[in-house]
Amino acid sequence: MTNLLPFFLLVSTVALAADVPFYLGTYTKPGKSEGIYFGRLDTETGRLGPVVLAGKAVNPSYVALSPDGRHLYSTTEENGGAVAAFAVSADGRLTLLNTSATGGTGTCHVWVDAAGRNVLSADYSSGTVASMPVKADGSLGERTGFAKLEGSGPDPKRQARAYAHGIYSGLADKYAYVCDLGSDKVWTFRFDAARGALTPAAPPFASVPPGGGPRHLALHPSGNFAYVNNEMGLTVTAFARDAATGALTALETVPTLPAGTDTVGVTTAEIFCHPTGKWLYVSNRGHDSIATYSIAADGRLHFLEAAPAQVKVPRGFAIDPNGRWLITAGQDDHKIAVLKIDSATGRLTPTGHTAEVGSPVCVLFARP
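Report on the accompanying structure. One numbering rule holds for all chains: residues counted from 1, following each sequence as written. Where local features are concerned, this predicted model is filtered to residues with pLDDT of at least 70; where side-chain atom pairs are given and counted, the filter is 80 or more; whole-chain, interface and lining totals use all residues. To get the side-chain values, take all heavy atoms of the structure and skip hydrogens and water.

**With respect to the overall build of the chain**
Next up, step 1: Helix and strand labels come from DSSP, where a helix needs a run of H or I of at least four residues and a strand needs a run of E of at least two; each type is numbered from the N terminus. When helices and strands are tallied, the chain shows one helix and 28 strands.
Next up, step 2: Radius of gyration means the value over C-alpha atoms here, while the globule rule gives 2.2 Å times the residue count to the 0.38 power. Against the 2.2 N^0.38 benchmark of 21 Å for 368 residues, the chain shows a C-alpha radius of gyration of 19 Å, consistent with a compact globule.
Next up, step 3: Looking at the chain as a whole, 59% of its 368 residues are labelled buried.
Next up, step 4: Long-range contacts, defined here as pairs at least 24 residues apart, represent 49% of the contacts in the chain between residues at least 6 apart.
Next up, step 5: His is not counted here, nor are the chain ends, while Lys and Arg score as positive and Asp and Glu score as negative. Lysine's charge is taken at NZ, arginine's at CZ, aspartate's at CG and glutamate's at CD. Here the chain contributes 30 positive and 31 negative side-chain charges, whose respective centroids are spaced 1 Å apart. Exposure classes here rest on a 1.4 Å probe applied to the protein chains alone. A residue is buried below 20% of its type maximum, exposed above 50%, and partly exposed in between. Here, residues are in contact when the closest pair of their heavy atoms is within 4.5 Å.

**Section: the layout of surface pockets**
Next up, step 1: Volume-wise, the largest pocket comes out at about 1100 Å³.
Next up, step 2: What lines the largest pocket is a set of 37 residues, and nearest its centre among them are Trp111, Phe272, Cys273, Leu364 and Arg367.
Next up, step 3: Among the elements of the structure, strand E4 (63–65), strand E8 (107–112), strand E12 (164–169), strand E16 (214–219), strand E20 (267–273), strand E24 (314–319) and strand E28 (360–365) are those that each provide at least two residues to the lining of the largest pocket.
Next up, step 4: All residues other than Ala, Val, Leu, Ile, Met, Phe, Trp, Tyr, Cys, Pro, Asp, Glu, Lys and Arg, Gly among them, are scored as polar; the first ten of these are nonpolar and the last four charged. Here the lining of the largest pocket is built from residues that sort into 27 nonpolar, six polar and four charged. Buriedness for pockets is judged along seven lines, at least five of which must meet protein on both sides within 12 Å for an open set on the 1 Å grid over protein atoms alone, while cavities are sets there where a 1.4 Å probe fits but cannot get out, and lining residues have an atom within 4 Å of a point. Grid points are joined across faces, edges and corners, and a volume is the space filled by probe spheres set on the points.

**Some thoughts on the sheet that holds strand E22 (residues 289–295)**
Next up, step 1: Note on pairing: DSSP must find at least two bridges between two strands before they are called paired. One open sheet holds the four strands; their spatial order is E20-E21-E22-E23, and the pairing between them is antiparallel. The open sheet is flanked by E20 and strand E23 (301–308), the only strands paired with a single partner. Along the sheet, successive strands turn relative to each other by an average axial angle of 20 degrees, direction set aside.
Next up, step 2: Relative to E23, E22 runs antiparallel, the two being bridged by seven bridges. Across the sheet, residue Ser289 finds its bridge partner in E23, namely Pro308. Here the axes come from fitting lines to C-alpha atoms, over the contacting stretch only for helices, and the angles between their N-to-C directions go from 0 to 180 degrees.

**Re the nonpolar core**
Next up, step 1: Buried Ala, Val, Leu, Ile, Met, Phe, Trp, Tyr and Cys residues form a nonpolar core when they are joined through side-chain atoms within 4.5 Å. Within the largest apolar cluster, 25 residues are counted, with the highest numbers of intra-cluster contacts made by Tyr23 and Leu72.
Next up, step 2: At the level of secondary structure, the elements contributing two or more residues to this core comprise strand E2 (35–42), strand E3 (52–56), E4, strand E5 (71–76), strand E6 (82–88), E8 and E28.
Next up, step 3: Here this core gets four residues from one element, more than from any other, and that element is E6.
Next up, step 4: Not counting residues up to four positions away in its chain, the partners in contact with Leu72 are Tyr23, Ile36, Val63, Ala64, Leu65, Ala84, Ala85, Phe86, Val88, Leu94 and Leu364.
Next up, step 5: Of all hydrophobic cores here, the second largest spans 18 residues; its members include Ala355, Val357, Val363 and Phe365.

**Description of unusual backbone geometry**
Next up, step 1: The peptide bond linking Ala202 to Pro203 adopts the cis configuration, its omega dihedral lying at 0 degrees.
Next up, step 2: Assignment of secondary structure puts Pro203 in strand E15 (residues 197–207).
Next up, step 3: With phi around 55 degrees, Leu234 is a residue other than glycine that occupies positive phi space.
Next up, step 4: Along the chain, Leu234 falls in the loop between strand E17 (225–230) and strand E18 (235–241).
Next up, step 5: Under the relative-accessibility criterion, Leu234 is labelled buried at 10%.

**Looking at the side chain of Thr235**
Next up, step 1: Inspection of the secondary structure puts Thr235 in strand E18.
Next up, step 2: If near-sequence neighbours (up to four positions away) are discounted, Thr235 is found in contact with Val228, Asn229, Asn230, Thr253, Val254, Pro255, Thr256 and Thr268.

**Some remarks on the packing of aromatic side chains**
Next up, step 1: Centre distance within 6.5 Å is the pairing criterion for rings of Phe, Tyr and Trp, where only the six-membered ring of Trp is used; planes under 30 degrees apart are then read as stacked, over 60 as edge-to-face, and the remainder as tilted. With the rule as written, the count across this model stands at seven aromatic pairs.
Next up, step 2: Ring centres of Trp187 and Phe205 lie 5.3 Å apart, and the angle between their planes is 65 degrees; on these two criteria the pair is classed as edge-to-face. Of this pair, Trp187 sits in strand E14 (residues 185–192) while Phe205 sits in strand E15, and the two are 18 residues apart along the sequence.
Next up, step 3: A relative accessible area of 15% places Trp187 in the buried class.

**Some thoughts on the environment of Pro210**
Next up, step 1: Note that Pro210 resides in the loop between E15 and E16.
Next up, step 2: A residue is classified by how much of its surface remains accessible, and Pro210, at 71% relative accessible area, is exposed.
Next up, step 3: Spatially, the C-alpha atom of Pro210 lies 8.4 Å from that of Ser183, the residues being 27 residues apart in sequence.
Next up, step 4: Discounting chain neighbours no more than four positions away, the residues touching Pro210 are Pro154 and Asp184.

**Here we look at the pairing of E16**
Next up, step 1: Where burial is concerned, most of E16 is hidden: six out of the six residues are buried.
Next up, step 2: Looking at chain direction, E16 and E17 are connected through five bridges and run antiparallel. From the neighbouring strand, Pro214 faces E17, where its bridge partner is Asn230.
Next up, step 3: Hairpin connection, E16 to E17: the antiparallel pair is bridged by five residues, and Gly223 has positive phi, about 80 degrees.

Take a look at the structure:
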């Protein structure tokens, strides 16, 4: 998987217009994974090209691309809490530019703002979030924004304190939202993209049901709604979003599995809206499925199915920019699988197309 040359020669000589590139973040293990991987998906057939090593890194469990696709940023566990910056070559390979300390520990999520001026990070262990400026060459400067979350939840083992699990800037980069698994809150910060500053908004947070454990967030393409998957509660909370104030107002919380399902050892992981805004998808680890919902005009959800993810422990997944395919990442069986999205119903069906890669946990498509 690490021999890039034959693959990139093939791509350069037989360029397929239907191909879309994607990156995979992994947990690195000797003999399994060495860092961040690169592949291509044929959007006409759902077939996968070879998956190859793009750049070496230590536990790059979450990755994000700059808006122009020229730079990639990843979590890293080499230097405590830090984000690594890479230059992206035309063939998809990555060159490390630098790493920047977040000021916290246990960096688990990264996000690039819409203008590409800042990279935001969430540190799980320390319950902190940070903002770092992007320099002209794509490298990262020292952090300009920082906040430590406070609070706890009803589960004494997992919610004794704040645990920042994801950070997302709004569509206009005016606000940033932070999922705090420990306090059952989704924090809202005013985000000054010009200065990279984070300051508490008013109101400063919205809540999910006690013991839910909010993990990740998906903004609806309209900007009017936000959806948060609750890792511990096996639910999704739908919020109405006020674009002017950034405030989130809970609409409902719905389960990610049918009633009566055995939920021992099951947790949710990733969440994404379909590009059309018609459907929402959430991964269930342990049950190894992708929950699918239709989204009503008022933002509420209707459960459609929990489709087999075709991998073991689907920690991450992503939807291709055309909205036709979904790639799941199996942390425990070391493979990725392609599911087809029905254009009329949003339901998922297996394609049989898979590829091997060690401990994949994040899937990121390059922007068209």
